[in-house]
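Understanding the architecture of this molecule
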Amino acid sequence: MIQETIIVCSVLAPTCALEASEVIIDNSCIVDDGVYAMNLSSFCGADDVFGRRSNVEAADRFGIDSPYWVTSVQMDFLTLYGIKPDQACVGFYGNAPARCEPAEAAFCIQTVDGASFGWVEYEDIHGSYEGRRLTIDFATPCRLAAGEWYLAVQPIGQSDAAGIVAALYGADDCFQTGSPIWRRAGEETACCEGLDAIPWNCDHSFEPPTLSMRVEGVPTGDCLGSERVTAKCKAHGGGEFNVVVRFRNGQPNGTVTALLDPPDPRSMSIPLDDRGRGKGKFKNVPLGEHRVFVCDSIVDVTCAP
């Protein structure tokens with residue numbers, strides 16, 4: 001007889017292995033410490049500012065040594081007027097073996113509505129622009145493999161233009177050295193995915209500037225791509241529910257991480273047996289619609305009486 005062990009994850013009694021969000025890269029001290037000296041244009045629109053539409057994009061590099069869900073990103077901008085964008089485009093671009101040669105089309109790209117991201121004022125030390133920190137917590141996290149990646153963020157709106165804050169090499173020892181890239185499309189191109197076929201430009205100098213950004217994520221665990229995931233909601237009284245996650249065809253004796261309900265996810269680490277099977281339970285889940293993320297699987301679950 002095969003016995004199945006269930007891993008229980010509860011906000012009130014976290015007996016499972018909880019996976020906290022990790023800081024992957026944090027160069028926001030460029031703004032926090034006021035060491036920035038320039039900015040690279042990154043926006044789509046600005047029709048009312050220039051009398052025509054513009055589409056310019058800037059990005060900077062970061063690396064991860066294991067697969068992650070990226071759960072949150074932050075970019076610091078200097079803007080003309082500080083007007084909150086209608087939307088923001090966020091893209092992750094895979095890096096070729098040589099520096100400054102990322103893919104032209106994004107591996108993962110999302111258009112985020114302005115009501116769903118933060119737009120916080122900070123004081124511009126130069127005084128001629130409006131400083132704004134844009135923060136996005138993803139409702140659908142991007143799952144990135146280990147390796148080098150570039151992050152691009154474009155505010156989208158007709159009434160303002162923006163550039164990502166950058167610091168010069170050696171300006172301070174608080175940030176990791178970056179390798180920014182940029183590109184520009186014609187005014188007729190669509191926002192977000194209209195730059196897909198346009199090559200990137202890069203500063204090939206030994207000492208390129210660095211963009212002010214922050215990236216957070218949760219490790220995915222040992223994902224193979226052949227996994228089978230199911231999730232079911234079960235009532236346990238008092239109007240509360242449990243979401244039970246079952247995992248098959250995984251890495252024998254490996255571990256995977258399940259996320260529940262981004263953009264503010266609960267997460268748990270599920271150990272797998274020698275057949276690549278595992279099971280975990282999120283306890284005290286409220287009534288309603290929920291989403292579970294495990295490796296390549298996204299499972300929708302409804303908790304109802």
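Relevant structure appears above.
Rules of the game
- Residues numbered from 1 in each chain as written.
- Predicted model: local features only at pLDDT ≥ 70, side-chain atom pairs only at ≥ 80, totals over all residues.
- Heavy atoms only, no water.
- Helix = DSSP H or I, 4+ residues; strand = E, 2+ residues; numbered from the N terminus.
- Disulfide = S-S within 2.5 Å.
- Buried < 20%, exposed > 50% of the residue type's maximum accessible area, 1.4 Å probe, protein only.
- Pairing = 2+ DSSP bridges.
- Phe/Tyr/Trp six-rings, centres within 6.5 Å; stacked < 30°, edge-to-face > 60°.
- Lys NZ or Arg CZ within 6 Å of the ring centre and 35° of its normal.

1. Considerations on the environment of Ser269
- As for its placement among the helices and strands, Ser269 is situated in strand 20 (residues 266–271).
- C-alpha separation for the pair Ser269 and Gly163, spaced 106 residues apart in sequence, amounts to 39 Å.

2. Description of the state of the cysteines
- Summed over the entire model, instances satisfying the criterion amount to six disulfides.
- Across the disulfide from Cys89 sits Cys192; the S-S distance is 2.3 Å. Negative torsions about the S-S bond denote left-handed disulfides, and the value of about 80 degrees found for Cys89 with Cys192 makes this one right-handed. Of this pair, Cys89 sits in strand 7 (residues 87–94) while Cys192 sits in the loop between strand 13 (181–185) and strand 14 (201–202), and the two are 103 residues apart along the sequence.
- Taking relative accessible area as the criterion, Cys192 reaches 6% and is therefore assigned buried.
- Each sulfur in the disulfide pair Cys223 and Cys295 lies 2.0 Å from the other. Here Cys223 and Cys295 share a disulfide; its torsion about the S-S bond, -80 degrees, makes the bridge left-handed. Linking Cys223 in the loop between strand 16 (213–219) and strand 17 (228–235) with Cys295 in the loop between strand 22 (288–294) and strand 23 (297–303), this pair joins segments that are 72 residues apart in sequence.
- For Cys223, a relative accessible area of 21% puts it in the partly exposed group.

3. Quick word on the pairing of strand 19 (residues 255–260)
- In terms of burial, strand 19 is a largely internal element, five of the six residues being buried.
- When strand 19 meets strand 20, the two strands line up antiparallel, connected through six bridges. Residue pairing in the sheet places Ala258 in a bridge with Met268 of strand 20.
- Hairpin geometry of strand 19 and strand 20 is characterised by an intervening segment of five residues between the two adjacent antiparallel strands and by a positive phi of about 60 degrees at Asp261.

4. Overview of the packing of aromatic side chains
- By the definition in use, this model includes eight aromatic pairs.
- Ring geometry for Phe62 versus Phe92: centroids 6.3 Å apart, planes at 80 degrees, classification edge-to-face. Taken as a pair, Phe62 in strand 5 (residues 54–64) and Phe92 in strand 7 lie far apart in primary sequence, 30 residues in all.
- You can call Phe62 buried: its relative accessible area is 3%.
- Ring pairs connect the aromatic residues Phe62, Phe92 and Phe138, which therefore count as one cluster.
- Positioned above the aromatic ring of Phe117, the side-chain terminus of Lys84 is 5.3 Å from the ring centre.
- Above the ring of Trp200, the side-chain terminus of Arg183 is found at 3.9 Å from the ring centroid.

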